[in-house]
Amino acid sequence: MTQTLLLLPGDGIGPEVTAVARRVAGRLISQGLDLSITEARFGGVAIDADGVPLTDETLAAAKAADAVLMGAVGGPQWAGQPYDKRPEAGLLALRSGMNVYANLRPAICFAALADASTLKRIHVEGLDILFVRELTGGVYFGEPRGIETLANGEKRGVNTHVYTTSEIERVARTAFELARGRKGEVVSAEKSNVMEAGLLWRQVVEALRDAEYPDITLTHMLADNMAMQLVKNPKQFDVILTDNLFGDMLSDEAAMLTGSLGMLPSAAIGAAGMPGLYEPIHGSAPDIAGRGVANPCASILSLAMALRHSLGEPELAARVEAAVEAALNAGARTADLGGNLTTAQMGDAILAQLT
């Protein structure tokens, strides 16, 4: 049966890199992949056209698809919008509406890019970390939130960091299951020393491991210490489990270990059989948007993750990943990697290796 992939190119460099990922998907379709591709507006472009960053129709299409591949959202032209009307609010609504609570962010350093990292080769060559970040709870979604005016005329900003047992258990279960297919090791990051929600996180994760995953080695680490350890000795980590806020920050830090944000894909998944949301983690990069120089590798690798986790095509996923690695080994580089290839030319180099 034909499967469906919904593209949400979004803003900034999103349409540029998504177009290259679509070319890769088109090559696979020409080779026999039974996949139908559609597109919809999302983010700032949807605000301009529809008045909101995520329409009900687009959310319905996302929930009906087998997988969703998005580009990026946001830009300075929408910075004056109220928080609930900004492009980023559409992204949070999409994640919540699709109930994709587990964000998988691999940080892999391809051998050809070991010298592109800001760390010495000895620390990053062979790096292969998988972040499992809780995606639909925590401080980004907690209530109450907002900016209020106090009786004395001062303003106060409020955000609430909140987690329930079930929210922690379901993402921890995802991390433990994935760890069983890797080294069997999970490091869980929180701030249990100063945050009650962090203490609950530690307690629930440990109880789940003891009850259901005794074969997994579990280590707890305070998030600030992990930030230091990621630049001191990143290869000590295999699977890292985090909440929404710390996962956002720590995985971006780890991205620079690999040579460029332009190399990092991500997957957001939920219950079995439900569609996943796939996106590069690099953002809309308005400073280079429209110039055709963005690195499309993260978008292509996000497509590979969609093939593996939502479309049931792990062999095709491996082929796409191998094509990216082969292109890098052959010297293909966009500007962020120290080269001069355009976005389209980098796509050409990868497609040439996709046999």
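Anything mentioned here points back to the structure above.
Model, not experiment: these values are computed from the prediction.

**Q** Quick question: what am I supposed to make of the overall build of the protein here?
**A** Regarding its fold elements, the protein presents twelve helices and twelve strands. Expected size for 355 residues packed as a compact globule is a radius of gyration near 20 Å; at 20 Å, the protein falls within 12% of this value. Principal axes of the C-alpha set define a box for the protein whose edges measure 60 × 50 × 45 Å. Evaluated residue by residue, the protein yields a buried proportion of 51% over its 355 residues. As displayed, the protein offers around 14,900 Å² of accessible surface, 52% of which is attributable to carbon and sulfur atoms. Here the protein contributes 29 positive and 42 negative side-chain charges, whose respective centroids are spaced 3 Å apart.

**Q** How should I be thinking about the nonpolar core in this particular structure?
**A** If you look at soluble globular proteins, the nonpolar side chains tend to sit buried side by side. In this structure, F176, M226, L241, M263, L307 and V324 are the most contacted members of the largest nonpolar core, which totals 85 residues. Here this core gets eight residues from one element, more than from any other, and that element is helix α10 (residues 297–309). Those residues in contact with L241, other than ones at most four positions away along the chain, are V132, V171, A172, A175, V186, V187, S188, A189, W201 and V205. Counting 17 residues, the second largest nonpolar core, distinct from the first, contains L54, L59, L94 and L135.

**Q** Teacher, can you tell me more about the environment of A64 here?
**A** Structurally, the position occupied by A64 is in helix α3 (residues 56–64). Taking the relative accessible area as the measure of exposure, A64 reaches 66% and is therefore exposed. Residues A64 and T4, 60 residues apart in the sequence, show an inter-C-alpha distance of 8.5 Å.

**Q** Just checking my understanding: could you explain the side chain of Q3 for this structure?
**A** Inspection of the secondary structure assignment puts Q3 in strand β1 (residues 3–10). Engagement of the side chain of Q3 in a polar contact is seen with the backbone oxygen of L311, the distance being 2.9 Å. With residues up to four places along the chain from it excluded, the contact list for Q3 reads D34, L35, S36, D66, S310 and L311.

**Q** What am I meant to see in the pattern of salt bridges here?
**A** Two side chains of opposite charge can pair, provided their charged atoms sit close to one another. This structure, assessed with the given rule, holds 17 salt bridges. The salt bridge involving R156 is made with E148; its shortest N-O contact spans 2.4 Å. Here the residues in one salt-bridge network are D115, R121 and E125, joined through shared partners.

**Q** Even after reading the chapter, I still don't get the packing of aromatic side chains, so can you show me in this structure?
**A** Two numbers describe a pair of aromatic rings. These are the distance of the centres and the angle of the planes. Inspection of the entire model under this criterion finds two aromatic pairs. Both rings, one in Y163 and one in W201, keep their centres 5.3 Å apart while their planes meet at 70°; by these two values the pair is edge-to-face. Note that Y163 is positioned in the loop between β7 (155–158) and α6 (165–180) and W201 in helix α7 (residues 196–212), a separation of 38 residues in sequence. On the accessibility criterion, W201 (1% relative accessible area) is buried. A centroid spacing of 5.1 Å and a plane angle of 35° characterise the contact between F176 and Y213, whose relative ring orientation is tilted. Taken as a pair, F176 in helix α6 and Y213 in the loop between α7 and β9 (217–222) lie far apart in primary sequence, 37 residues in all. Across the pair, exposure class does not vary: F176 and Y213 are buried alike. The ring of Y83 has R86 lying over it, and the distance from NZ or CZ to the ring centre is 4.2 Å.

**Q** How should I be thinking about the packing of α10 against helix α11 (residues 314–329) in this particular structure?
**A** Pairs of packed helices are described in terms of their axes, by the angle between the two and the distance that separates them. At a minimum axis separation of 7 Å, α10 and α11 run at an interaxial angle of 160°. Between α10 and α11, the interaxial angle falls into the category roughly antiparallel. The handedness of the crossing between α10 and α11 comes out as left-handed. Contacts from C297, I300, L301, A304, L307 and R308 in α10 reach P314, L316, A317, A318, V320, E321 and V324 in α11.

**Q** Hey, could you run me through the sheet that holds strand β12 (residues 276–278) in this one?
**A** Strand-to-strand pairing in sheets goes through backbone hydrogen bonds, with the strands running parallel or antiparallel. What the ten strands build is an open sheet, ordered β2-β1-β3-β12-β11-β4-β5-β10-β8-β9; its pairing is mixed. Single-partner strands in this sheet number two, and they are β2 (35–39) and β9. Pairwise comparison of adjacent strand axes, ignoring direction, gives a mean angle of 20° for this sheet. Where strand β4 (residues 102–108) lies against strand β5 (residues 128–134), seven bridges are found, and the strand directions are antiparallel. Residue pairing in the sheet places L104 in a bridge with V132 of β5. Where helix α1 (residues 14–30) meets the sheet, its contacts fall on β1, β2 and β3 (67–72), and the angle it forms with β1 comes to roughly 160°. Strands β4, β5, β8 (185–190), β9, β10 (239–242) and β11 (267–269) of the sheet are contacted by α6, whose axis makes an angle of about 160° with β5.

**Q** How do you make sense of the environment of S36 when you look at a structure like this?
**A** Tracing the backbone through its elements, the reader meets S36 in strand β2. Separated by 202 residues in the primary sequence, S36 and D238 have C-alpha atoms spaced 35 Å apart. Once residues within four sequence positions are removed from consideration, S36 is found in contact with T2, Q3, T4 and L5.

**Q** Honestly, the pairing of β2 in this entry has me stumped. Any pointers?
**A** Two faces make up the sheet, and in a regular strand the side chains alternate between them. Two elements, β1 and β2, share five bridges in a ladder whose sense is parallel. Across the sheet, T4 pairs through a bridge with S36, a residue of β2. Traced from β1 through α1 to β2, the parallel crossover comes out right-handed.

Procedures and definitions
- Along each chain, residues carry numbers from 1 onward, in the same order as the chain's sequence is written.
- Two thresholds apply to this predicted model, a pLDDT of at least 70 for residue-level local features and 80 or more for giving and counting side-chain atom pairs, whereas whole-chain, interface and lining totals are computed over all residues.
- Side-chain descriptors were evaluated using all non-hydrogen atoms of the structure, hydrogens and water having been removed beforehand.
- Helix and strand assignments follow DSSP, with helices taken as H or I runs no shorter than four residues and strands as E runs no shorter than two, numbered in order from the N terminus.
- For this measure, only C-alpha atoms enter the radius of gyration; the expected value for a globule follows 2.2 Å times N^0.38, where N is the number of residues.
- Think of it in three bands: residues with accessible area under 20% of the maximum for their type are buried, residues over 50% are exposed, and the middle band is partly exposed, with areas taken using a 1.4 Å probe on protein chains only.
- Here, Shrake-Rupley sampling with a 1.4 Å probe gives the accessible areas, and only protein chains in the shown set may cover a residue.
- Neither His nor the chain ends is counted toward charge; the positive residues are Lys and Arg and the negative residues Asp and Glu.
- Lys charges are placed at NZ, Arg charges at CZ, Asp charges at CG and Glu charges at CD.
- What makes a nonpolar core is a set of buried Ala, Val, Leu, Ile, Met, Phe, Trp, Tyr and Cys residues whose side-chain atoms join them at distances within 4.5 Å.
- Contacts were defined at the residue level, with two residues in contact if any of their heavy atoms lie within 4.5 Å.
- The term polar contact refers here to a pair of N or O atoms within 3.5 Å; inside protein, the definition further demands a hydrogen-donor-capable atom paired with an acceptor-capable atom, and it admits residues adjacent in sequence only when both atoms are side-chain atoms.
- Criterion for a salt bridge: a side-chain nitrogen of Lys or Arg within 4 Å of a carboxyl oxygen of Asp or Glu.
- Side-chain rings of Phe, Tyr and Trp, where Trp is taken by its six-membered ring, are said to pair if the distance between their centres is within 6.5 Å; with planes under 30 degrees apart they count as stacked, over 60 as edge-to-face, and otherwise as tilted.
- Think of it as a cone above the ring: NZ of Lys or CZ of Arg counts as a charge over the ring if it is within 6 Å of the ring centre and within 35 degrees of the ring normal.
- A fitted line through C-alpha atoms serves as each axis, taken over the contacting stretch for helices, and the angle formed by two N-to-C directions is quoted from 0 to 180°.
- Comment on the angle field: the value is read as roughly parallel under 35 degrees, roughly antiparallel over 145, roughly perpendicular from 65 to 115, and oblique elsewhere.
- The crossing is said to be left-handed when, going from far helix to near helix, the turn is anticlockwise and less than a right angle, and right-handed when the turn is clockwise.
- For two strands to be treated as a pair, DSSP must find at least two bridges joining them.
- For crossovers, right-handed means that the path from the first strand over the helix to the second runs clockwise, given strands pointing away from the viewer.

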